[in-house]
Structures are given as structure tokens and as C-alpha cells.
Amino acid sequence: MNYNNSAKEIIELVGGEENVQHVIHCMTRLRFNLHDKSKVDRKKIEKVAGVMGTNISGDQFQIIIGNDVPKVYNAILGNSSIKADSNGKKSGKNKNVISAIFDLISGVFTPILPAIAGAGMIKGLLAIALTFGWLSDKSQVYTILNAIGDGAFYFLPILLAVSAARKFGSNVYVAATIAAALLHPTLTALLGSGKPVAFLGLPVTAVTYSSTVIPILLAIWIAANVEKWVDRIIPSMFKLILVPTLTILIVVPCTLIAVGPLGSVIGNWLSLGVGALFEHGWIFAGLILGGTWSLIIMTGMHYAFIPIAMNNLATKGYDVILPSMFMANLGQAGAAFAVSLRSKNKSFKSLAMTTSLTAVMGITEPAMYGVNMRLKKPFIGGLIGGAVGGAYYSAVGVKYFIMGGNVGLPGIASFIGETFVWAVIGLPIAFAAGAIATYIMGFEDVESEEEADTSATEEKPADLHSDLVVAAEQLYSPIKGLVKPLSEVNDATFSSGIMGRGFAIQPEEGKVVSPVAGKITTIFKTKHAIGITSDNGAEILIHVGIDTVKLNGKHFTSHVKDGEFVEVGDTLVTFDLDAIRSEGYDLITPVIITNPDRYRSIKPVKEGKVNSSEAFMALLV
């Protein structure tokens, strides 16, 4: 693999340097924040050498690379002027609050994960050495290794301060200074003395800041705003000295008096809440979390759990959330293994086996995106495996003692403690559950090359533009615009195929016409979605835009009623395209066949731009 060539292709296919706000990477993925995601050519990116798949999570466009992601990342930075970190600028688009929070947490934690992973692995190896008596905790070797492994966690607020400052667009060295002040040995001793502490007559609550997460995030957010405010009012000649001085003098006391205690309380309440869930929810807590972790990871919501897990480790010495991630990964590994057993396609069988092994080792993206989600049912089998494993872990009370860098076999050292044996037993349980569920459910196998050769009429590019496609039914485009795969729809309900199969159209005009001759089965009160049953039995859903139901019919006009019969080209709905876009809604329109099991294959007849009432989709029997 030529990293420079792949990097150049990726830069071009995400819309060029000018479309990239910034890029970071985690253990397996490149994470792009883009000005305009519609400029991304997702299909071509997935064909670039070294790319295993793509994903959209919140405001991030993610490219799954695997273990080589640091090399591709460095090649991207080396071949462009793209920024590695957020510069604090906004894209100008309306952001969903929840997406913004997850994007913030992801952006802060992703850059420091390598440091935490490395330190966590050292702590795990040290725990193994102590368990087997290879080292004494009284030896100097142990003391030095323990300091190496524990440093990143003890001084975690400093790492987070630097990362958060980059995310908020403030001075990273001022942020580090604020965190260092909170961790200063003299201040730590004062707060831990048990005596009342005050600053200028205001009481200071005793809070331990080492290894904490939420207090420093709140502090740096305040620091970023204070810094910008001070910068506006200080004359230029004094900015260099007064801006950092005033920022530090304002934020540190403010944190000690109010922010730190508040952050500590929030962190403790989150930990207590999770603890109560697992204490009183028993096996159901682990079953739900283990069964949904893979979905949580896909949305990027897993970053919301990291502060809670870290706080649990800092306050209790163990965590009960992250064990479920192990179960989810082993469930997906087992599902991919079952695919390798059942698939008749030799190359795909080999891919499934290889990705199953990498998932066992903690890298699940190739198995999830390359195999299980591609076939759909195996992904569900993987979720079942995670749920079974999570329920088992909850039942026996498995605990996670070290923040390691891997959620597979290499990270098993994170469980070393009183529940280690139970943790090890859980790995094959989740793997077997995922494999058995997938094997029993079965799946529609990937077509082999030999079968593909006998299906030339389906596969030849020329047939996509032919009016002679042999089909049970042909649909005509309901909207003028650009045809896109459902995978590019930023809504998992459509992109995952839950609602059915089909394609999407990025509209160029605000008019929806009937794609078939048939009957209107449903016209939603909000007028944004129409259900039609064709004369030949195809059940079609046309959904104008994402989340446009929230407009409650505003900017939409319906021209048909439930039960009305229509012909191809009859106007169904008109809408004010510009007005809806100005309110921040994505108007990409999925056109879904909701009874896809009736058809052997659903193919595009026209790619790229399509006019309304032009041949659009073929339903093959």
C-alpha cells in the first residue's frame, strides 16, 4: 500500500483541502470534520487502497483504515495543508445539540487515546507480572514502571486540557498551566489536609483533581471564553502579557471555588447512576448495553461513556461499563466467524475469517462494516452475542480495573483482579452466542464470480442506462436531482436498510411526482412522506428530507389524499426547497421499497443526475 497515493486520493474524494475543517484519527479511523459532506464521493473512497469502509457519525465523516491509520493520517498531513486539530471555527451550519456534544467529546478524547492506550497496556503488563510473582511491588523496577504506566492517568487533566483547548480554539499552554496549577503538590496537600480552605474569603471545596475528567473540561471551556473576552478588551500592546495572566488568575480560583466541586459532583452522580443501573438492573443492564454497544460505537456515542468510566476508575478503582464493549466486539467476531463457515464465496469466506480474527484482537471495524453489516443478519447476530455476553458479565459482576488501549484479547489484562476468571470465561460465551445466532438465522450470501458471470444483464454498466432492463417493475424518478446510495443518508433508519432497500435523491426542485401507477396508501399529516402501492404490488415510501417531520407540514403542500389512485408523473407533494434548507434541514430524499423480500434484486436504472419521471429503479424478480 502506497500511503501517499491513498492519502492524495482521499483528500480529493472528500471534496479537496478546502472542504476539510480538520482531521484527527483514532485506533482505526480517520475522522474528518467537513464544511459540506455532500461533496464526498463515498463509493470511490471505499475503493481506495487500504480503505475498509466509511461511516458518518454526527458531524464527522469517518474512513475506516485499520492498523495503518497513523501512516495514512501522516501522509494526509504531509501532502496537504489540512489542519490536524480544530481551530475553534464553526462550519456555519446548524448543529444538533446532542451531535455537538458527542463531536466535542470525541474531538477531545480521540487525540489522547494513544497515550492512554500505551500507559494502560503498561499497567496491564505490570499487573500480570505482580500476579505471577515476576515482580515485587517493593522493587525499584516496579516503582519506575508503575510511574511510567500511571503518569498519563495521574496527569490526565493536563492531557485533557491541551486537547480541549485545541477543540475550543484557545491557547493550549495556558490551558496546560491551569491544569498544572490544580495538580500542584502544595495545593493538593492543602486541599487534602482536612482543614477549611478559603481564597479571598470564599470557601474552597476539597476536591482531588488527579485522574479526573469533568472538572477540567468545564474549566477549559470557561478559560476559552474568558481568554476571548479578555483578548477583546485589552489593547494590542499588552495582549501578550495580560491575556494569559488574567485568564489564569480568573479561571483557576473560579475552578477551585465553583467549577471543580460542580464537576466532581456531576462525575460522582454519573458514576452512582451507572452503578445503580448495574446493581438493581442485574443482568438486564449488561444485556442492554452489550447488545447495543456496536450501534453506540457507530453513532460515536461511546465517547460519552469514557468520562464516566474514567471517573469510576478514579473514585471506585473499577468500572462496570467498558466490559460490555468487550462482549460486543466478541459477538461481532463470532458473527463474522459464522459467515466464514456458511459462505460459499471463497474470497468472501476468507475475508470473513480474517476479519473475525482481527475482531477477536479488538479491531472490529473490518468485521462490522466489511462483513456483518454488508449482509445485515450477521450484524444482528453480533448484537445478540454482545447481549448474551453482557448479561453474563452483569450476572457474575465482572469489573474492569485498568484503562487499557484494547477491547479484545490483548486488553484482557484490564480485568486482572477479583473477577478475572469470570471475565475470561465471558469472551468465548459472547463469541459463541454471536456465531450460533448468525449461523441459525443465515444470510443472503455474496455472489461468487461464477454466479456474477451468469447475471450479466444485471451487472453490465450499460444495462444501468438501458430501457430494456428485465424487471418485475420499473420505477420512475419522483424528484429531479442527484441519485445517491442509501448509505449516504445521514439517518441510520434509512442507511442501515431497516426500512427497506432503495436509493436516495438530492433534490434540485421542490416537487414530488408519482414513480408508478398505483394507490396512495399513506400521505402523512406533516406532508413530508408518502406511501404508495403500485399496481404490481411494490410498496414504496418517499421521505422528503431528514427530520423534516419536525416542520409539522410547514413549507409543504399536498396534492393527493389517502386512497387516491395516481399515474406516473402525477404531482403528489410540492415543497419550498430553499425555505426548508434555510431552516437547517437536509433534503436528501430516500425512495424505499418497503417489501424488498418480494424481489431478487433492486438495481438503479439511472445513475448521477435524473429528471422527474425518468426511469430510475428496477425491481428484479
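## Describing the overall build of the chain
In step 1: Within the chain one finds 22 helices and 20 strands.
In step 2: In the chain, which comprises 621 residues, the share counted as buried stands at 51%.
In step 3: Across the chain, every contact between residues at least 6 apart in sequence was considered, and the portion connecting residues at least 24 apart equals 72%.
In step 4: By element, 61% of the accessible surface of the chain is carried by carbon and sulfur atoms, the whole surface being about 28,300 Å².

## What to know about the packing of aromatic side chains
In step 1: On inspection of all chains with the given rule, the structure shows 9 aromatic pairs.
In step 2: A centroid spacing of 4.7 Å and a plane angle of 65° characterise the contact between F326 and F415, whose relative ring orientation is edge-to-face. With F326 in helix α14 (residues 323-342) and F415 in the loop between α17 (377-396) and α18 (420-441), this residue pair connects regions lying 89 residues apart in the sequence.
In step 3: For F326, a relative accessible area of 0% corresponds to the buried category.
In step 4: Residue F415 is classed as buried on the basis of its relative accessible area, which comes to 0%.
In step 5: Taken together, F326, Y392, Y393, Y400 and F415 form an aromatic cluster joined through their ring pairs.
In step 6: When the ring centre of Y439 is taken as origin, the NZ or CZ atom of R342, which lies over that ring, is 5.2 Å away.
In step 7: The lysine or arginine in question, K399, covers the ring of Y318, its NZ or CZ lying 4.3 Å from the ring centre.

## Digging into the packing of α17 against α18
In step 1: Interaxial distance between α17 and α18 falls to 7 Å at its minimum, and their mutual angle equals 150°. When the axis of α17 is compared with that of α18, the two are roughly antiparallel. Viewed along their axes, α17 and α18 form a crossing whose handedness is right-handed. Residues K377, P378, I380, G381, G382, I384, G385, V388, G389, Y392, Y393 and V396 of α17 lie in contact with α18, whose contacting residues are W422, A423, I425, G426, L427, I429, A430, A433, G434, A437, T438 and M441.
In step 2: Across the contact of α17 with α18, the residue classes tally to 16 nonpolar, 7 polar and 1 charged.

## A short note on a negative patch on the surface
In step 1: Together, D535, E564, E567 and D570 line one region of the surface with negative charge.
In step 2: Assignment of secondary structure puts D535 in the loop between β12 (529-534) and β13 (539-543).

## Here we look at the side chain of S514
In step 1: You can see S514 is positioned in the loop between β10 (511-513) and β11 (518-523).
In step 2: The class of S514 is buried, set by a relative accessible area of 0%.
In step 3: If we skip the residues at most four places from it in the chain, S514 touches I532, V566, E567, V568, G569, D570 and L572.

## Some details on unusual backbone geometry
In step 1: Residue N552 is not a glycine yet carries a positive backbone phi of 55°.
In step 2: Here N552 is to be found in the loop between β13 and β14 (556-558).
In step 3: What makes N552 exposed here is its relative accessible area of 62%.
In step 4: Even without a glycine there, the phi angle at H555 is positive, about 75°.

## Describing a nonpolar patch on the surface
In step 1: Taken together, the side chains of W229, I233, M237, F238, L240, I241, L242, L246 and I250 make up a nonpolar region of the molecular surface, amounting to roughly 950 Å² of accessible area.
In step 2: Put simply, the parts of the chain that give the nonpolar patch at least two residues each are α10 (214-233) and α11 (239-281).
In step 3: When residues in the nonpolar patch are grouped by element, the largest group, 5 residues, is from α11.
In step 4: Positionally, L240 belongs in helix α11.
In step 5: A residue is classified by how much of its surface remains accessible, and L240, at 77% relative accessible area, is exposed.

## Comments concerning the nonpolar core
In step 1: Counting 39 residues, the largest nonpolar core has I216, I220 and L256 as its most contacted members.
In step 2: Contributions of two or more residues to this core are made by α5 (113-131), α6 (140-154), α7 (156-168), α8 (172-182), α9 (185-191), α10 and α11.
In step 3: Take this core: its biggest share by element is 7 residues, from α10.
In step 4: Residue contacts for L256: discarding those within four places in its chain leaves L182, L187, L191, V204, T205, Y209 and P261.
In step 5: Formed by 34 residues, the second largest nonpolar core is a distinct cluster that contains F503, L551, V560 and V573.

## Observations concerning the sheet that holds β10
In step 1: Taken in spatial order, the 3 strands line up as β10-β16-β14 in an open sheet, and their pairing is antiparallel. Each edge of the open sheet is held by one strand with a lone partner, namely β10 and β14. Strand-to-strand twist in this sheet, taken as the mean axis angle between neighbours without regard to direction, amounts to 15°.
In step 2: As defined by bridge partners, β14 adjoins strand β16 (residues 571-575) across 3 bridges and the pair is classed as antiparallel. Each residue of the ladder has a partner; that of T557, found in β16, is T574.

## Looking at α14
Since there are 3.6 residues in each turn of an α-helix, residues three or four apart along the chain are aligned in direction.
In step 1: Taking 1.5 Å per residue as the helical rise, α14 with its 20 residues ought to reach 28 Å, and the 29 Å between its terminal C-alpha atoms agrees with that figure.
In step 2: In terms of burial, α14 is largely enclosed, as 17 of its 20 residues are buried.

## Re the environment of T245
In step 1: Mapped onto the secondary structure, T245 falls in helix α11.
In step 2: A relative accessible area of 34% places T245 in the partly exposed class.

## Details of the packing of α7 against α8
In step 1: In contact at an axis separation of 8 Å, α7 and α8 are set at 150° when each is read in the N-to-C sense. For the element pair α7 / α8, the angle class is roughly antiparallel. Crossing hand, α7 versus α8: right-handed. The residues of α8 that touch α7, namely those facing P157, I158, A161, V162, A165 and R166, are V172, A175, A176, A179 and A180.

## Here we look at the environment of F305
In step 1: The residue F305 is located in helix α13 (residues 305-315) in this model.
In step 2: The sequence separation of F305 and L322 amounts to 17 residues, and the corresponding C-alpha distance is 8.4 Å.
In step 3: Leave out the neighbours within four places in its chain, and F305 touches L289, W293, I296 and I321.

Conventions used here
- Here the residue index of a chain counts from 1 through its sequence in written order.
- Local features in a predicted model are, by the rule used here, given only for residues with pLDDT of at least 70; side-chain atom pairs are given and counted only at 80 or more, and totals for whole chains, interfaces and linings are based on all residues.
- Heavy atoms from the whole structure form the basis of all side-chain values; hydrogens and water molecules are not counted.
- Runs of H or I in DSSP of at least four residues are treated as helices and runs of E of at least two as strands, each being numbered from the N terminus.
- Each residue is placed in one exposure class: buried if its accessible area under a 1.4 Å probe, protein chains only, is under 20% of its type's maximum, exposed if it is over 50%, and partly exposed if it falls in between.
- Whether two residues are in contact is decided by their heavy atoms: any pair within 4.5 Å suffices.
- Residue exposure ignores everything except the shown protein chains as possible cover, and the areas themselves are Shrake-Rupley values with a 1.4 Å probe.
- Two rings from Phe, Tyr or Trp (for Trp, the six-membered ring) form a pair when their centres are within 6.5 Å of each other. A pair whose planes differ by under 30 degrees is stacked, one over 60 is edge-to-face, and the rest are tilted.
- Any Lys NZ or Arg CZ that is within 6 Å of a ring centre and within 35 degrees of that ring's normal is treated as a charge sitting over the ring.
- In this analysis an axis means a line fitted to C-alpha atoms, helices contributing only their contacting stretch, and an angle means the value between N-to-C directions, from 0 to 180 degrees.
- Angle categories are assigned with fixed cut-offs, so that under 35 degrees is roughly parallel, over 145 is roughly antiparallel, 65 to 115 is roughly perpendicular, and the rest are oblique.
- Put simply, a crossing is left-handed when the front helix is turned counterclockwise from the back one by less than a right angle, and right-handed when it is turned clockwise.
- Charged residues are taken to be Asp, Glu, Lys and Arg, nonpolar residues to be Ala, Val, Leu, Ile, Met, Phe, Trp, Tyr, Cys and Pro, and polar residues to be all remaining types, Gly included.
- By definition, no residue in a patch forms a salt bridge, and every one has over 30% relative accessible area; like charges are joined within 9 Å, nonpolar side chains (Val, Leu, Ile, Met, Phe, Trp, Tyr) within 5 Å.
- The term salt bridge refers to a pairing of a side-chain nitrogen on Lys or Arg with a carboxyl oxygen on Asp or Glu at a separation within 4 Å.
- Positive: Lys, Arg. Negative: Asp, Glu. His and the chain ends are not part of the count.
- Lysine's charge is taken at NZ, arginine's at CZ, aspartate's at CG and glutamate's at CD.
- Nonpolar core, defined: a set of buried Ala, Val, Leu, Ile, Met, Phe, Trp, Tyr and Cys residues in which side-chain atoms within 4.5 Å join the residues together.
- For two strands to pair, DSSP has to find at least two bridges joining them.
- A helix is expected to span 1.5 Å multiplied by its residue count minus one.

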